[in-house]
Amino acid sequence: MGLLDRIKGVFSPKKEERFFNNTTFFSNNNSGVVSSKEQAMSIAAVTGCVRAISTAVASLPLSLYRREEDGDKILERSHILYKLLHSTPNSINTSYTWRVQQMINLLLEGNAYSVIIRNNQGIPVELMPLESSNVRVIKYEESIFYEVQGVDQPLNSFDVLHISGLSFDGCYGYSPLQMYASTLGLGVKSREYASNYFSNGGNISGYLKSPSPLKPETIEQLRYSWNQKYSGIGNAHTTAVLPNGIEYHRMNLTPADSDLIRQMEFTREEIASIFAVPPSQIGIMKDSSSRANVEEQSIMFYRNCLLPYLVNIEQELNKKLLRDDEKENLFFEFNASGILRGDIESRYNAYSIARQWGWLSANEIRTLENMNKVEGLDEFLTPLNMSDATKEDIDEE
């Protein structure tokens, strides 16, 4: 009996729980909603978080670098893997669309998979994305295999690029949608309730009050006349003329209306916290929000949300795509300087300090600002009142 047959024998149907997959990720939760990826993405806060994270990761330059003996790093543009990750991972996707697809699967299902296609020399030439729900992870002793729907035999871990999210066992990521099904189910229910509430006329803005009883036909005539003259956007801000002492009274929000609004706001904030996304990134602006703390939240978005994903992806790429002899001095790295850049005044002040104290040249600053170098601007400045502490002190006369 071969290894693959023994694997299938160990994972027989009676031990199905030993498979890791996404086919039963979503089930009934305490809020009474059957969740799915489509239902989750119908929640604006979930869509906002997924879009913010996936597009941010896809927008960052991802390159292959070589580490020099002196510690410097240089772009390895001539290597085949540079083009694979930087531009075209396969014949269908660009690097951006491939990364967006991978991040959406990672964020919603906890795992992202791509098959690594190699040439005759064993060099990766394509990364073909897989739908996470079509993959089952098989852990057998100290090895991991991937069973893909439509493929006869399990794939070796060496041939599958697997980005996993939070994991209890280190080989399979668990979905935030599964772990927080009740919260997301509440978001779906709140949205549906609000939609039904307003579509069924729950949003009455006011009423007409008569000093004396009116006949039914008079009431209907008054209602019809009022709606014709003052309802709709086209009649907004027109002056109402009311007959026979009838008064118009505007209705304020009821406690139920206010509770619904507060619940929906709370749910949005809770969903943002699930994805570690600052509220301002999905349009939740508090009264205390200012330009300064919104910029601080952008930095927090990188440090607390994006950075763990970037490190996770970089390490998986280094592990699966590089040969053992290449891992000594080659590595993949995202360039996140664009996210960390402040406003133009803050950047120029920082550049001024770096230039005056001699650790950045003018051309290096131009490079950071995505500008071409200019001949003669590679010199470093040295402050006149500074000297090398290792040199002999000048004798005082």
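1. Quick look at the overall build of the protein chain
Scanning the protein chain for helices and strands turns up 13 helices and 11 strands. The long-range share in the protein chain, meaning contacts at least 24 apart out of those at least 6 apart in sequence, stands at 61%. Carbon and sulfur atoms make up 52% of the accessible area of the protein chain, which totals about 24700 Å².

2. Overview of the confidence of the model for the protein chain
With 69% of its residues at a pLDDT of at least 70, the protein chain reaches an overall mean of 76. The low-confidence segment residues 22-34, where pLDDT is below 50, has 36 contacts with residues more than four positions distant or belonging to other chains.

3. Concerning the layout of surface pockets
In this structure, the largest pocket spans a volume of roughly 780 Å³. Put simply, the parts of the chain that give the lining of the largest pocket at least two residues each are β1 (62-67), β2 (73-75), α4 (80-86), α11 (337-340) and α13 (362-368). Sort the elements by how many residues they give to the lining of the largest pocket and β2 lands first, with 3 residues. Residues belonging to the lining of the largest pocket are distributed by class as follows: 10 nonpolar, 8 polar and 3 charged.

4. Some thoughts on empty space enclosed by the protein
All chains considered together, the criterion is met by 2 cavities of 30 Å³ or more. Of the pockets and cavities examined, the largest cavity occupies roughly 90 Å³. Around the largest cavity, the lining residues are V57, W98, R99, Q102, M103, L106, A112, L161, I163 and I313. Looking at the lining of the largest cavity, the elements with two or more residues in it are α5 (95-109) and β8 (160-164).

5. Digging into the sheet that holds strand β6 (residues 143-148)
Adjacent strands of a sheet form backbone hydrogen bonds with each other and so pair up, either parallel or antiparallel. Taken together, 3 strands build an open sheet; the order of strands is β5-β6-β7 and the sheet is antiparallel. Unpaired on one side and paired on the other, β5 (135-140) and β7 (155-156) mark the two borders of the sheet. Here 6 bridges tie β5 to β6, and the two strands are oriented antiparallel to one another. Looking at β6, one finds that Y140 is bridged to S143.

6. Examining a negative patch on the surface
Residues E68, E69, D70 and D72 make up a contiguous surface patch of negative charge. Its location among the elements puts D72 in the loop between β1 and β2.

7. Quick word on the side chain of H162
Within the secondary structure layout, H162 lies in strand β8. By relative accessible area, H162 is classed as buried at 7%. Only 2.8 Å separates the side chain of H162 from the side chain of N111, close enough to count as a polar contact. Separated by 2.9 Å, the side chains of H162 and Y146 make a polar contact. In this structure H162 touches N111, A112, Y113, V137, Y146, C171, Y172, E316 and K320, once residues within four positions along its chain are discounted.

8. Description of the pattern of salt bridges
Across all of its chains, the model carries 8 salt bridges by this definition. Between R66 and E76 there is a salt bridge, with the nearest N and O atoms lying 3.1 Å from each other. Residue R66 is found in strand β1, and its partner E76 is found in the loop between β2 and α4; the two are separated by 10 residues along the sequence. Judged by its relative accessible area of 25%, R66 is partly exposed. One salt bridge in this structure joins R136 and E147, with 2.5 Å as the shortest N-O distance. Of this pair, R136 sits in strand β5 while E147 sits in strand β6, and the two are 11 residues apart along the sequence. On the basis of relative accessible area, R136 is assigned to the partly exposed category, the value being 21%. Within this structure, R323, D325 and E326 form a network of salt bridges that share partners.

9. Brief notes about the state of the cysteines
For the structure on display, the rule yields 0 disulfides. Unpaired in terms of disulfides, C49 finds its nearest cysteine sulfur in C305, a separation of 8.0 Å.

10. Quick notes on the packing of aromatic side chains
The full count for this structure, using the stated rule, is 5 aromatic pairs. Note on Y65 and F331: the rings are 5.7 Å apart at their centroids and 20 degrees apart in plane angle, and the pair reads as stacked. Taken together, the residues span a long stretch of sequence, with Y65 in strand β1 and F331 in strand β11 (residues 330-334) at a distance of 266 residues. With respect to burial, Y65 and F331 carry one shared label: buried. The interplanar angle of 90 degrees and the centroid separation of 5.6 Å between the aromatic rings of Y172 and Y174 together place this pair among those described as edge-to-face.

So, how was this worked out
Here the residue numbering is sequential within each chain, running from 1 through the sequence in written order. Where local features are concerned, this predicted model is filtered to residues with pLDDT of at least 70; where side-chain atom pairs are given and counted, the filter is 80 or more; whole-chain, interface and lining totals use all residues. Computation of side-chain values covers all heavy atoms of the structure but excludes hydrogens and water. Each helix corresponds to a stretch of at least 4 residues labelled H or I by DSSP, and each strand to a stretch of at least 2 residues labelled E; elements are numbered beginning at the N terminus. Contacts: residue pairs with any heavy atoms within 4.5 Å of one another. Computed by Shrake-Rupley with a 1.4 Å probe, the accessible areas treat only the displayed protein chains as cover when residues are assessed. Per-residue confidence from the predictor is reported as pLDDT, a score between 0 and 100. Using a 1 Å grid laid over the protein atoms alone, points where a 1.4 Å probe fits but cannot get out form a cavity; open sets with protein on both sides within 12 Å along at least 5 of 7 lines form a pocket; any residue with an atom within 4 Å of a point counts as lining. Grid points are joined across faces, edges and corners, and a volume is the space filled by probe spheres set on the points. Residue type decides the class: Asp, Glu, Lys and Arg count as charged, Ala, Val, Leu, Ile, Met, Phe, Trp, Tyr, Cys and Pro as nonpolar, and the leftover types, Gly among them, as polar. Pairing between two strands is assigned when DSSP locates at least 2 bridges connecting them. Like-charged residues are merged into a patch within 9 Å and nonpolar side chains (Val, Leu, Ile, Met, Phe, Trp, Tyr) within 5 Å, provided each residue has over 30% relative accessible area and no salt bridge. Salt bridges are counted wherever a side-chain nitrogen of Lys or Arg sits within 4 Å of a carboxyl oxygen of Asp or Glu. None of His or the chain ends enter the tally, which takes Lys and Arg as positive and Asp and Glu as negative. Charge coordinates come from a single atom per side chain, which is NZ of Lys, CZ of Arg, CG of Asp or CD of Glu. Summary of the burial criterion: residues with accessible area below 20% of their type's maximum are buried, those above 50% are exposed, and those between are partly exposed, where the area comes from a 1.4 Å probe applied to protein chains only. Throughout this description, a polar contact denotes any pair of N or O atoms lying within 3.5 Å of each other; where both atoms belong to protein, one of them has to be capable of donating a hydrogen while the other can accept it, and for residues adjacent in sequence the pair is counted only when both atoms sit in side chains. Cysteine sulfur atoms that come within 2.5 Å of each other are treated as a disulfide pair. Only rings of Phe, Tyr and Trp enter the pairing, Trp through its six-membered ring, and a pair is recorded when the two centres are within 6.5 Å. The plane angle decides the type: under 30 degrees is stacked, over 60 is edge-to-face, the rest tilted.

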